[in-house]
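# What the coordinates show
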Amino acid sequence: MKTLKQITEQLKDGINQFIEKAENGETLVEKTTEEMKKRIQEAKTLIATAMVEEQRLKREYQQAVEVLNSSREKAELDSKSYDAENEKEAQHRINQHQNRANELESQIHKQEQVITELTVALKDFYQQFHGISIELKELSQRHQQAKTRAEFNKILAEFELSDANNVIQHAEEALREAEAEAKHWEKRRQQNNEQSEMEKEDVFDVDGALEALKRDILGSSQND
């Protein structure tokens with residue numbers, strides 16, 4: 001039969017194991033949540049970098065358009081003084097500026113498309129993160145509740161009732177023995193008291209006898 005100390009140690013071990021498991025489960029949930037937060041932050045940084053690049057392209061495009069317009073204005077002003085060769089060269093420069101502006105405009109559109117795709121993907125991931133966070137918290141709470149119930153019932157179930165019944169039987173047997181012993185000594189005490197009374201009755205009262213004899217003698221003398 002398990003002693004009280006053994007039962008106490010077993011309860012402490014069970015509770016410590018439960019706390020350790022609960023802490024491990026909670027740590028796993030926290031790590032998952034923190035990892036998702038970290039990835040969201042990294043994704044935001046990438047989108048911000050893409051936006052900075054977009055602004056750079058737009059500035060460069062604006063500069064290219066200004067250069068293109070300037071080239072056109074200059075070519076138009078100098079068109080009368082240009083010969084065919086110079087006019088061809090001026091047009092070539094205009095075409096180069098135009099191609100550069102067109103290339104930058106195309107890059108801007110592609111960059112805008114990339115930013116849009118990244119933003120949509122990040123929003124989707126954030127929605128998933130929000131849903132997963134709620135589900136993880138719920139599962140963690142339910143897991144802790146289930147573990148609490150399991151450990152609680154385990155603690156009670158591991159204490160064998162048959163051991164307690166044996167203790168009760170031993171206690172009842174010890175009580176019967178104690179009561180029997182008490183009755184035995186009570187009976188002995190009563191017998192001793194009765195014996196003492198009988199012995200008192202049987203003892204010859206010398207003083208009483210002498211007094212009675214004296215009364216008898218004196219009484220007889222007075223009658224004569």
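Residues numbered from 1 in each chain as written. Predicted model: local features only at pLDDT ≥ 70, side-chain atom pairs only at ≥ 80, totals over all residues. Heavy atoms only, no water.

## A few points about the confidence of the model for the chain
- Looking at the chain, pLDDT values average 77 and 71% of them are 70 or higher.
- When mean pLDDT is compared element by element in the chain, helix α2 (residues 84-157) scores highest at 86, while helix α4 (residues 206-223) scores lowest at 65.
- Counting interchain partners and residues more than four positions distant, the pLDDT-below-50 stretch residues 1-8 has eight contacts. (pLDDT = per-residue confidence, 0-100. Helix = DSSP H or I, 4+ residues; strand = E, 2+ residues; numbered from the N terminus. Contact = heavy atoms within 4.5 Å.)

## Brief notes about the pattern of salt bridges
- Under the counting rule described, the total for this entry stands at eight salt bridges.
- A salt bridge links E60 to R56; its shortest N-O distance comes to 2.8 Å. You can see E60 and its partner R56 sitting in helix α1 (residues 4-77), four residues apart, about one turn around the helix.
- Judged by its relative accessible area of 34%, R56 is partly exposed.
- The shortest N-O distance in the salt bridge between R100 and E103 comes to 3.6 Å. Of this pair, R100 and E103 both sit in helix α2, three residues apart, which is roughly one turn of that helix.
- Overall, R100 belongs to the partly exposed group, its relative accessible area being 32%.
- Given the relative accessible area of 40%, E103 is considered partly exposed.
- The network of salt bridges with shared partners includes E53, R56, E60, R100 and E103. (Salt bridge = Lys/Arg side-chain N within 4 Å of Asp/Glu carboxyl O. Buried < 20%, exposed > 50% of the residue type's maximum accessible area, 1.4 Å probe, protein only.)

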